[in-house]
Amino acid sequence: MQKAKKQIPLYKIRSFGENFTATFDFIRSNFKLWFKGCIYLLLPLSLVQAFLLNGFFSFIFEIGLNAGYGAGMPYSSIIRTVVYYLLYFIFMMLGALVLSSFCYAMVKHYSDNDGQMEGIGLRELKPFIIGAVKRSLALGALFFGATILITILLVLAVYIAPTLLMLISIMMIGLIVFLVPLSISLPIYIFEDETSLIDSIKRSFKLGFNHFGLILGFIIVMSMVSSIIQSTVMMPWYIMILVKTFLLVDDPTNSVVGSPLYSFGVYLLAIVQSLGTYMSMALPTIGQAYVYGSIVEKDEKRSVEKDIEHFEEMSQVDNEFDNFENL
């Protein structure tokens, strides 16, 4: 007899360690769907990113080699390097958007259906993913605009009053502190359909500052775990890049590292590196959802409200049966 999977409620008071356990339990319970979604949604992006990443380092190597030989840096190489980097950054942001939307769509569907994920595929998650993408874009656009505005104001302040540099530095540290509670604004905006964009930010400050230490500690530890995974999947690609760089510096005509086969191997490892990076980013993304659920449950007893709603629904169903018997 197959053992039933343990349900992982979103709204439940959890300790610091229990949030980590819930994160890994969720991925373990839904590994097949999670892995399939990462492959289908993020592999195409990884194919392009791998090409851009290798192209970027190729041009960097070319610029460095010319500088080492005392030659001038070709203007075209500098332009191509900047273009490759900007394109890589854009695809990375797009991939992070897709990943967070997919992960939160899984958690939302899982929570709304009491952990029932049997037979669920990307087609069933599509409405949730599209909704999460729209809300993520709206929140991201707001943050991006605010970042540009704050940057312009800080630059103007330094230019107009250089003596205020220390005060401006303190203000920048304060802005970084504000990013900690803001990190739960996306889960709030996605999981709470009735919450508006501005209200999600207000609620993130209210809830976030009340549990500042929990959020900050979780971000630091989970980021460290994610970074270790990223370093592991990046290492083979990085070693092959280093070997290619050292050998070509000694002999620019080296037939081994300059062969199409070696270049193809580097490209494959770059794909593994990009895809592995995305999959490691799923850990803090899903973990942040359960941190949000724990905070909301502790402060607002959200699960009690959900139980009341279910009770009212069950009462309506019972009334319908009573009316049916009186027919």
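Here the structure is a predicted model, which is why all the values come from computation and not from measurement.

**Q** Would you mind going over the overall build of the chain in detail, with residue names and values included?
**A** The helix and strand inventory of the chain stands at 10 helices and zero strands. Walking the chain from its N terminus toward its C terminus, one meets helices and strands in the order α-α-α-α-α-α-α-α-α-α. Relative to its full complement of 327 residues, the chain shows a buried share of 37%. Across the chain, contacts joining residues at least 24 apart in sequence account for 79% of those joining residues at least 6 apart. About 19000 Å² of surface is accessible on the chain, with carbon and sulfur atoms providing 71% of the total.

**Q** Please give an account of the pattern of salt bridges that cites residues and values.
**A** Across all of its chains, the model carries five salt bridges by this definition. Lys-108 is the salt-bridge partner of Asp-112, the closest N and O atoms lying 3.9 Å from each other. A residue pair is termed a helical-turn pair when its members lie 3 or 4 positions apart in one helix, as Asp-112 and Lys-108 do in helix 3 (residues 75-112) at four residues. You can call Asp-112 partly exposed: its relative accessible area is 42%. With a shortest N-O distance of 2.7 Å, Glu-300 and Arg-203 are connected by a salt bridge. Remark: Arg-203 occurs in helix 7 (residues 197-210) and Glu-300 occurs in helix 9 (residues 260-300); sequence separation between them is 97 residues. Residues joined in a network through salt bridges with shared partners are Lys-108, Asp-112 and Asp-193.

**Q** Quick rundown of the environment of Leu-53? Include the residues and the values.
**A** Structurally, the position occupied by Leu-53 is in helix 2 (residues 31-68). Residue classification places Leu-53 among the buried residues on the basis of a relative accessible area of 8%. With 34 residues separating them in the primary sequence, Leu-53 and Leu-87 have C-alpha atoms 9.4 Å apart. Contact partners of Leu-53, with chain neighbours within four places excluded, come to Tyr-88, Trp-237 and Gln-273.

**Q** How would you summarise helix 8 (residues 212-250) if you had to cite specific residues and measurements?
**A** Taking 1.5 Å of rise per residue, the 39 residues of helix 8 would be expected to cover 57 Å, and the 53 Å separating its terminal C-alpha atoms lies within 8% of that figure. Along helix 8, the helix axis deviates most sharply at Met-235, where the bend reaches about 45°; the proline Pro-236 sits within four residues downstream. Taken together, the buried positions of helix 8 are occupied by Ile-215, Phe-218, Met-222, Ser-226, Trp-237, Met-240, Ile-241 and Leu-248.

**Q** Let's hear about the environment of Thr-232: which residues, and what values?
**A** Within the secondary structure layout, Thr-232 lies in helix 8. Counting along the chain gives 44 residues from Thr-232 to Gly-276, while the straight-line C-alpha distance between them is 8.9 Å.

Criteria and thresholds
Residues numbered from 1 in each chain as written. Predicted model: local features only at pLDDT ≥ 70, side-chain atom pairs only at ≥ 80, totals over all residues. Heavy atoms only, no water. Helix = DSSP H or I, 4+ residues; strand = E, 2+ residues; numbered from the N terminus. Buried < 20%, exposed > 50% of the residue type's maximum accessible area, 1.4 Å probe, protein only. Contact = heavy atoms within 4.5 Å. Areas by Shrake-Rupley, 256 points an atom, 1.4 Å probe, with all protein chains shown as cover. Salt bridge = Lys/Arg side-chain N within 4 Å of Asp/Glu carboxyl O. Expected span 1.5 Å × (residues − 1). Bend = angle between axes of the 7 residues up to and from the residue.

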